[in-house]
Amino acid sequence: MRKHSIIKQVSLFLALALCLGFAGGALLTRRTTAAAETDGSTTTYDVVYSSDNPIPEIAANVRPSVVQVITSAATWDGRTREVSTEEIGYGSGTYIRALDSGEGGYILTNNHVIDEGESYQIQWLDGTIMDAELVGADDGTDIAILQFNEPAPDDATPVPLGDSDALQIGELAIVIGNPGSGDEVLFGTVTAGIISGLEREGVTAQGSFTRPVSTIQVDASINTGNSGGALLNAQGELVGIPTIKMTASYTTIYEGLGFCIPINTAKDIIDQLIENGEVVRPRLGVTVTTVDGPDEPMRNYAPAGVQVVTVEEGSPAEAAGLQAYDIITEINGERIYSNDELIAVIDQFSAGDTVELTVCRYYNENGTALAEYEELTVEVELQIID
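Residues numbered from 1 in each chain as written. Predicted model: local features only at pLDDT ≥ 70, side-chain atom pairs only at ≥ 80, totals over all residues. Heavy atoms only, no water.

### Describing unusual backbone geometry
For clarity, the cut-off: Segments assigned H or I by DSSP are reported as helices when at least four residues long, segments assigned E as strands when at least two residues long, and all are numbered from the N terminus.
At Glu116, a residue that is not glycine, the phi angle is positive and equals roughly 70°. As for its placement among the helices and strands, Glu116 is situated in the loop between helix H2 (111-114) and strand E7 (119-123). We note that Tyr325 has phi near 80°; this positive angle belongs to a residue other than glycine. The residue Tyr325 is located in the loop between helix H4 (316-320) and strand E22 (327-331) in this model.

Listed below in structure tokens is the structure:
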């Protein structure tokens, strides 16, 4: 997927076009007999089909609520020396909430779909095009919210949010989006498959997450323009946002590896963006770096963990007594080994919460080695720091 932002007309993404496997609904096996044309002998085939396929009804209900997002920006032509507005990126978005007035609503999409844009439009399944404004975006989790201020088409209704924590590997996964760009968009494309994996960590692409995000893996064929669309469960609830497609590593070519942001990860982000236009997170008030070492502290070898580089003046960390060179190894008893793990744990808390850090100290704040290392327990009250 998005090896770059699709903005700049570099094809990005993803959508999570899932493959042809169906999970959910009773699966029955029927044997059919077909006569071979050559010698009249018969061949028996096993046909697996769903006796209760929910996809057509879900598609009929949700397709009208999944829009194409068109991102534009002013450009300058050095040859003609003219300034014009050009479409620089395309993606998908899902209508998730109506305005209280009923005259408009909110569209959930990916940050990389709207990144670098100056103006936005949405196109509905029936062809209606509306202007939209950016409410807010969070590059950390690659989530953005757009607002439209006209009545939605009659058949478009907000898609209910489901519970991504309840997903099970192997259950039905339905993806709806608008693959393609420019004049080559396949509006309202529906694909289906299964949930292939949960809590996939470390999956990222250039221009996607800047914070650790665990993703949902699906067996999906992903195409440019699907990013920001809808991943749905068998009840037609939105359980994820198609965001990344993995096609190859240095040694391996992949097929059917698509990744979605879980909707439970997105819920708080959505609320903050709609209410405040931005996401604010509590912080310790330190800059840190990941350091390697043994699992347990040793006299001459500091343990693996997260080393404090600087402590902000007036921060919760300073008030708790943290110093430069301290190595954080645990938060509330949970072992951490990297900066990403530290951020992922802190992100679970709110301002005013107190966390307990286990810290190994081998140096004083001036960088002078101590005669013996110290292992400390430090309580820090998290705060919002501007």
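### So, helix H5 (residues 339-346)
Test applied: Remark: exposure states derive from per-residue accessible area (1.4 Å probe, protein chains only) relative to the maximum for the residue type, with buried under 20%, exposed over 50%, and partly exposed in between. To be clear, the arc concerns the directions from the helix axis to the C-beta atoms.
When H5 is considered as a whole, its buried residues turn out to be Leu342, Ile343, Val345 and Ile346. The buried side chains of H5 occupy one side of the element, clustering within an arc of 165° when seen end-on.

### Things to note about the packing of aromatic side chains
Note the threshold: Pairing of aromatic rings covers Phe, Tyr and Trp, the last counted by its six-membered ring, and requires centre-to-centre distances within 6.5 Å; plane angles under 30 degrees mean stacked, over 60 mean edge-to-face, and any other angle means tilted.
Inspection of every chain in the model, using the stated rule, returns five aromatic pairs. Seen from their ring centres, Trp124 and Phe148 are 5.2 Å apart, and the 85° between their planes marks the pair as edge-to-face. Here Phe148 lies in strand E9 (residues 143-148) and Trp124 lies in the loop between E7 and strand E8 (129-138), a separation of 24 residues in the sequence. Each member of the pair, Trp124 as well as Phe148, is classed as buried. Seen from their ring centres, Tyr325 and Tyr363 are 5.8 Å apart, and the 45° between their planes marks the pair as tilted. Taken together, the residues Tyr325 in the loop between H4 and E22 and Tyr363 in strand E24 (residues 354-363) connect sequence positions 38 residues apart. With a relative accessible area of 34%, Tyr325 lands in the partly exposed category. With a relative accessible area of 35%, Tyr363 lands in the partly exposed category.

### Considerations on the sheet that holds E8
Under the convention used in this document: Between any two strands, at least two bridges found by DSSP are needed for them to pair. For helices, the fitted line uses only the C-alpha atoms of the stretch in contact; every axis is such a line through C-alpha atoms, and the angle between N-to-C directions lies from 0 to 180 degrees. Two residues form a contact once any of their heavy atoms are found within 4.5 Å.
Reading around the barrel, the six strands line up as E4-E5-E6-E9-E8-E7 and close back on themselves, with antiparallel pairing between neighbours. Averaged over all pairs of adjacent strands, the angle between strand axes in this sheet comes to 40°, irrespective of strand direction. Pairing of strand E6 (residues 105-109) with E9, which is carried by five bridges, proceeds in the antiparallel orientation. Bridged to Ile107 within E9 is Leu146. Packing against the sheet, helix H3 (residues 263-276) makes contact with strand E5 (82-98), E6, E8 and E9, and its axis sits at approximately 50° to E9.

### So, the confidence of the model for the protein
Keep in mind that low pLDDT regions are not for reading the predicted coordinates in detail. For clarity, the threshold we go by: pLDDT: the predictor's confidence for each residue, scored from 0 to 100.
Mean pLDDT over the protein stands at 81; residues scoring 70 or higher make up 83%. Predicted confidence for residues 1-49 stays below pLDDT 50, and this span has 163 contacts to residues more than four positions away or in other chains.

### As for a negative patch on the surface
To be explicit about the condition: Each patch is built from residues that are more than 30% exposed by relative accessible area and take part in no salt bridge. Like charges join if they lie within 9 Å; nonpolar side chains (Val, Leu, Ile, Met, Phe, Trp, Tyr) join within 5 Å. Note on areas: Shrake-Rupley with a 1.4 Å probe; residue coverage comes only from the protein chains shown. Should a side-chain nitrogen of Lys or Arg be within 4 Å of a carboxyl oxygen of Asp or Glu, the pair is scored as a salt bridge. Asp and Glu are treated as the negative residues and Lys and Arg as the positive ones, with His and the ends of the chain left uncounted. Here the site of a charge means atom NZ of a Lys, CZ of an Arg, CG of an Asp or CD of a Glu.
The grouping of Asp163, Asp165, Glu199, Glu201, Glu334, Asp340 and Glu341 at the surface amounts to a negative patch. With respect to the helices and strands, Asp163 occurs in the loop between E9 and strand E10 (172-177).

### Focus: the side chain of Arg361
Condition: For the purposes of these results, a polar contact is taken to be a pair of N or O atoms within 3.5 Å, where, inside protein, one atom must be able to donate a hydrogen and its partner to accept one; residues adjacent in sequence count only when each atom of the pair is a side-chain atom.
In this structure, Arg361 sits in strand E24. The buried category is assigned to Arg361, whose relative accessible area is 11%. In terms of polar contacts, Arg361 uses its side chain to reach the backbone carbonyl oxygen of Gly321, at 3.2 Å.

### Observations concerning the environment of Ile174
As for its position among the elements, Ile174 is in strand E10. Overall, Ile174 belongs to the buried group, its relative accessible area being 0%. Sequence spacing of Ile174 and Ile194 is 20 residues, and the spatial spacing of their C-alpha atoms is 7.9 Å.

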